[in-house]
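# Inside the fold
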Amino acid sequence: MTEAMTQPIDILIQLQDLDCLIRDLRDPEMASQQQRLGFALEDIQELERSRELLAGQVENERLLQIYERMSRRFVRVIVPVEGRVCTGCRMSLPTSDPTRQADSATCDICENCGRILYRR
Amino acid sequence: MSSAALPAASRMLFLEEYLRPTLFIPELKSKRKDPALEELVAQVAAAQLTRHPDRVLEAVRRRESMGSTGLGKGIAVPHARSTLVKQRTVVVARSKKGVDYDAPDGKPAQLLFLLVAPPLERDPVYLNLMAEIVGAVRLARTRQRLLDAADFKTFRRILVEATRD
Ligand SMILES: [Zn+2]
């Protein structure tokens, strides 16, 4: 049932999901409200180690740098393209050259907002 | 378990609109936690809300590794942010025999609510949904009625009423 994704985008998506979890657990308000609801929350050190390992698997250094830089500003750095629209900034991508290629990787970057795009 | 994460005045009700017959599992097959999580995520894929259940499952497992989402009293609310899920989704599942879920009171989970949502810059609804679910099932009487409900329509009605109490 699971469809295969290309290497860099697959790992970057896992990285984004992991970053979301780390962000939620680090957020004092989110964490305290979860604990009030009865959820157990453990130390996130283990997660941070997993994150280092995962980031190390991204073969394209430049793509990882783009992700790391953008993720300081945005929660959603890796976003799907819907039709011809970047769902990060809602801008239509140009028809002739829909996306700018990031190095030799198979990932595309939105010219308007700089987010990393994937097709789902 | 407290009834709400936000003060009553700012509390809005969302859960109702997330309850769908295609996202309801009347009786889970699995009696163990990990295969039960797999069943829950498979339902998200069956409803065409993800094409990558393996990745969604991984996010759910990762959250679980940070502490059980089993809350005791037979309730579990596994949850995760996943880029590969199309929209906020709640899967509701029952298990008459119970799922061994590593809950603080040691009781098996009989009512399971999987909440998965894509990452958003700001998403108060995610936490509110969690709070609504926990609040709705706080009474033993409601939990029993949910377990006894003959069909999804009845289950939904009981749960929606309980969120308004
Ligand atoms: Zn964009």
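A brief look at the structure comes next. (Residues numbered from 1 in each chain as written. Chains lettered and ligands numbered in written order. Predicted model: local features only at pLDDT ≥ 70, side-chain atom pairs only at ≥ 80, totals over all residues. Heavy atoms only, no water.)

### Describing the nonpolar core
By size, the foremost hydrophobic cluster in this structure holds 36 residues, and its most contacted members are Val77, Val90, Phe113, Leu129, Met130, Phe155 and Leu159 of chain B. Of all the secondary structure elements, the ones that give two or more residues to this core are α2 (28-37) of chain A together with β5 (89-99), β6 (109-117), α3 (124-136), α4 (140-148) and α5 (152-164) of chain B. When residues in this core are grouped by element, the largest group, nine residues, is from α3 of chain B. Once residues lying within four places of it in the same chain are set aside, the contact partners of Leu159 of chain B are Leu15, Leu19, Phe113, Ala136, Val137 and Leu146 of chain B. (Core = buried A, V, L, I, M, F, W, Y, C linked by side-chain atoms within 4.5 Å. Buried < 20%, exposed > 50% of the residue type's maximum accessible area, 1.4 Å probe, protein only. Helix = DSSP H or I, 4+ residues; strand = E, 2+ residues; numbered from the N terminus. Contact = heavy atoms within 4.5 Å.)

### Looking at the coordination of the zinc ion
Residues and elements named next belong to chain A. Each protein donor to the zinc ion is listed here as Cys86 (SG), Cys89 (SG), Cys110 (SG) and Cys113 (SG); together their distances run 2.2 to 2.4 Å. Taken together, the four donor atoms surrounding the zinc ion define angles of 107 to 113 degrees at the centre, an arrangement classified as tetrahedral. Since its relative accessible area comes to 0%, Cys86 is described here as buried. Exposure remark for Cys110: the relative accessible area of 0% places this residue in the buried category. (Donors = N, O, S within 2.8 Å, 3.2 Å for Na, K, Ca; no water. Tetrahedral: all angles 85-135°; square planar, octahedral: opposite > 155°, others 65-115°.)

### Some words on the interface of chain A and chain B
Contacts between the two partners involve 37 residues from chain A, matched on the other side by 37 residues from chain B. With both chains or domains summed, chain A and chain B bury close to 3300 Å², and 57% of this area falls on carbon and sulfur atoms. Looking only at chain A, the three residues that lose the most surface to chain B are Leu37, Phe39 and Arg120 of chain A, adding up to 22% of its buried area. Counting across the interface, chain A meets chain B through two salt bridges. Here Arg55 of chain B and Asp10 of chain A are joined by a salt bridge, their closest N and O atoms 2.6 Å apart. The tally of links from chain A across to chain B stands at ten residue pairs in polar contact (both at pLDDT 80 or more). Listed by contribution, the elements that provide at least two residues to the side of chain A that touches chain B are α1 (7-26), α2 and α3 (45-56) of chain A. Partitioned by chemical class, the residues of the side of chain A that touches chain B number 19 nonpolar, seven polar and eleven charged. (Buried area = accessible area lost by both parts, 1.4 Å probe. Salt bridge = Lys/Arg side-chain N within 4 Å of Asp/Glu carboxyl O. Polar contact = N/O pair within 3.5 Å; in protein donor to acceptor, adjacent residues only side chain to side chain. Nonpolar A, V, L, I, M, F, W, Y, C, P; charged D, E, K, R; others polar.)

### A look at the pattern of salt bridges
In this structure the tally under the stated criterion is 15 salt bridges over all chains. In this structure, the salt-bridge partner of Asp24 of chain A is Arg81 of chain B, at a minimum N-O distance of 3.9 Å. Taken as a pair, Asp24 of chain A in helix α1 and Arg81 of chain B in strand β4 (residues 79-81) lie in two separate chains rather than in one. Residue Asp24 of chain A shares its accessibility class with Arg81 of chain B, and that shared class is buried. The residue Arg61 of chain B makes a salt bridge to Glu38 of chain B at a minimum N-O spacing of 4.0 Å.

### Overview of unusual backbone geometry
We note that Arg90 of chain A has phi near 65 degrees; this positive angle belongs to a residue other than glycine. You will see that Gln48 of chain B, though not glycine, has its phi angle at about 60 degrees, which is positive. Under the relative-accessibility criterion, Gln48 of chain B is labelled exposed at 61%.

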